[in-house]
Amino acid sequence: MFSHAVTYRVCYADTDQMGYVYYGNYARLYEIARVETLRSLGVSYKDLEDQQIGLPVYENYSKFLAPAYYDEVLTIECTLLSLPQVRIQFSYRILNSKQELIHEGKTTLVFMDMKRQKMVKAPDYLLEVLKPYF
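Because the structure is predicted, anything quoted here is derived from the model rather than measured.

## Some words on the pairing of strand S5 (residues 87-95)
Bridging between strand S4 (residues 73-80) and S5 involves six bridges; their strand directions are antiparallel. Bridge pairing in S5 places glutamate 77 opposite arginine 93. Bridging between S5 and strand S6 (residues 101-110) involves nine bridges; their strand directions are antiparallel. The partner of glutamine 89 across the bridge, within S6, is threonine 108. What sits between the antiparallel neighbours S5 and S6 is a turn of five residues, in which glutamine 99 has the positive phi angle 65°.

Given below as structure tokens:
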């Protein structure tokens, strides 16, 4: 298992008329967390794309426990529970500024050869970086 946490301050554009973080913005928070999680391992989305490997989202799940508010600093914990193969699954826990759990989620992405538009195995260099954690 590998985990990494990032912080994010809620800006006005993230909120809805009720002052809550709009539900559709949680997918963006997931993206921020998973990009930074991979970056913390020395792997960037840009490097993957330069090698013609895309990571489209296959599944997305969200569970809303309590709202997040404007100007609040959130902690987004991102965890890889298993070594990826053709798919890579991330789980998320979002904590508010009081460190209370307010949101849980999961995304599954697939490794795709962008030229052929076909799913492929995770790159060997990514697997080598992750193996010590599993």
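Here the narrative resumes.
## Topic: unusual backbone geometry
Phi at aspartate 71 takes a positive value of approximately 70°, unusual for a residue other than glycine. With respect to the secondary-structure elements, aspartate 71 resides in the loop between strand S3 (57-64) and S4. A positive phi angle is found at glutamine 99, which is not glycine, with a value near 65°.

## Quick notes on helix H1 (residues 26-40)
In a regular helix each residue adds 1.5 Å, so 15 residues correspond to 21 Å; H1 covers 21 Å between its end C-alpha atoms and thus fits that length. Along H1, the residues that are buried comprise Tyr26, Leu29, Tyr30, Ala33, Arg34, Val35, Thr37 and Leu38. After H1 finishes, the residue glycine 42 shows a positive phi value of roughly 85°.

## A look at the environment of leucine 95
Looking at the secondary structure, you find leucine 95 in strand S5. Other than its neighbours up to four places away in sequence, leucine 95 contacts Val73, Leu74, Thr75, Glu77, Glu100, Leu101 and Ile102.

## Describing the sheet that holds strand S7 (residues 112-113)
Read across the sheet, three strands follow the order S2-S7-S8 without closing on themselves; strand pairing throughout is antiparallel. Single-partner strands in this sheet number two, and they are strand S2 (53-54) and strand S8 (118-119). One ladder, built from two bridges, connects S7 with S8; its direction is antiparallel. By the bridge assignment, methionine 112 is partnered in S8 with methionine 119.

## Points about the packing of aromatic side chains
Taken as a whole, this structure holds six aromatic pairs when the rule is applied. Between tyrosine 12 and tyrosine 70, the aromatic rings sit 6.0 Å apart at their centres with planes inclined by 80°, giving edge-to-face as the arrangement. Within this pair, whereas tyrosine 12 is found in the loop between strand S1 (2-9) and H1, its partner tyrosine 70 is found in the loop between S3 and S4, the two being separated by 58 residues in sequence. Classification of tyrosine 70 as partly exposed rests on a relative accessible area of 49%.

## So, the nonpolar core
Ranked by size, the top nonpolar core spans 34 residues in total, and within it Phe90, Ile94 and Phe111 carry the most contacts. When residues of this core are traced back to their parent elements, those giving at least two are S1, H1, helix H2 (45-50), S4, S5, S6 and helix H3 (124-130). The element best represented in this core is H1, accounting for six residues. Among all residues touching phenylalanine 90, those that are not within four sequence positions of it are Arg34, Leu38, Cys78, Thr79, Leu80, Gly105, Lys106, Thr107 and Leu109.

Cut-off values and rules
Residues numbered from 1 in each chain as written. Predicted model: local features only at pLDDT ≥ 70, side-chain atom pairs only at ≥ 80, totals over all residues. Heavy atoms only, no water. Pairing = 2+ DSSP bridges. Helix = DSSP H or I, 4+ residues; strand = E, 2+ residues; numbered from the N terminus. Expected span 1.5 Å × (residues − 1). Buried < 20%, exposed > 50% of the residue type's maximum accessible area, 1.4 Å probe, protein only. Contact = heavy atoms within 4.5 Å. Phe/Tyr/Trp six-rings, centres within 6.5 Å; stacked < 30°, edge-to-face > 60°. Core = buried A, V, L, I, M, F, W, Y, C linked by side-chain atoms within 4.5 Å.

All quantities given are derived from atomic positions and should not be read as evidence of function.
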